[in-house]
Amino acid sequence: MDFAKNVKGFARGAARRFTEVVASMKQAKIQSIRDDAQKAIDEGRVVFVYRINGGSLDYSGSLDGLAEYIEVIETVGWRLDQSTFTHDKEGATSAFLTFRRAEGSVGAR
């Protein structure tokens, strides 16, 4: 009985640590995207293209992660202008997102 309790406790702890690592990785990715978008603004660019590698084409449903990445880029002054999606022969997708400077931004057309 004690062994089973220990295993369950270990499994709960491992799941909690895994969740924390995933959350930390996600925050690092979001910060990296924000930094790239801000760097393009700092360089005076008026177009910013970002590629995001995604999952399988077999997926249906909300694309919260992709939406969150777009939101992060838009918060620093870009507006999504165009998007293109491609896939390889295994079905892995990539999104190519083209942003333009938001109206009223310094250097925006």
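Refer to the structure above for everything that follows.
Residues numbered from 1 in each chain as written. Predicted model: local features only at pLDDT ≥ 70, side-chain atom pairs only at ≥ 80, totals over all residues. Heavy atoms only, no water.

Turning our attention to the pairing of strand β3 (residues 92–101). The element β3 is extensively covered by neighbouring structure, given that seven of its 10 residues are classed as buried. Alignment of strand β2 (residues 78–87) against β3, held across nine bridges, turns out to be antiparallel. Looking across to β3, one finds that His87 is bridged to Thr93. Remark: four residues form the turn of the hairpin made by β2 and β3, two consecutive strands paired antiparallel; Gly91 in that turn has positive phi of roughly 95°. (Buried < 20%, exposed > 50% of the residue type's maximum accessible area, 1.4 Å probe, protein only. Helix = DSSP H or I, 4+ residues; strand = E, 2+ residues; numbered from the N terminus. Pairing = 2+ DSSP bridges.)

So, about the environment of Tyr50. Mapping Tyr50 onto the fold places it in strand β1 (residues 47–56). Setting aside residues up to four positions removed in sequence, Tyr50 forms contacts with Lys29, Ile33, Asp36, Ile73, Ala95, Phe96 and Leu97. (Contact = heavy atoms within 4.5 Å.)

Attention now moves to the side chain of Arg101. In this structure, Arg101 sits in strand β3. Notably, Arg101 is buried but unbridged: the nearest opposite-charge side chain belongs to Asp42, and the N-O separation is 7.9 Å. In terms of polar contacts, Arg101 uses its side chain to reach the backbone carbonyl oxygen of Arg45, at 3.5 Å. (Lys, Arg positive; Asp, Glu negative; His and termini not counted. Salt bridge = Lys/Arg side-chain N within 4 Å of Asp/Glu carboxyl O. Polar contact = N/O pair within 3.5 Å; in protein donor to acceptor, adjacent residues only side chain to side chain.)

What follows is about the nonpolar core. Generally speaking, nonpolar side chains in soluble globular proteins are found buried as a group. If you look at the biggest cluster of nonpolar residues, it comprises 18 residues, and the most contacted ones within it are Phe48, Ile73, Trp78, Leu97 and Phe99. Elements with a minimum of two residues in this core: α1 (2–42), β1, α2 (64–75) and β3. In contact with Trp78, not counting residues within four places along its chain, are Ala37, Ala40, Ile41, Arg45, Val46, Val47, Phe48, Ile73, Phe99, Arg100, Arg101 and Ala102. (Core = buried A, V, L, I, M, F, W, Y, C linked by side-chain atoms within 4.5 Å.)

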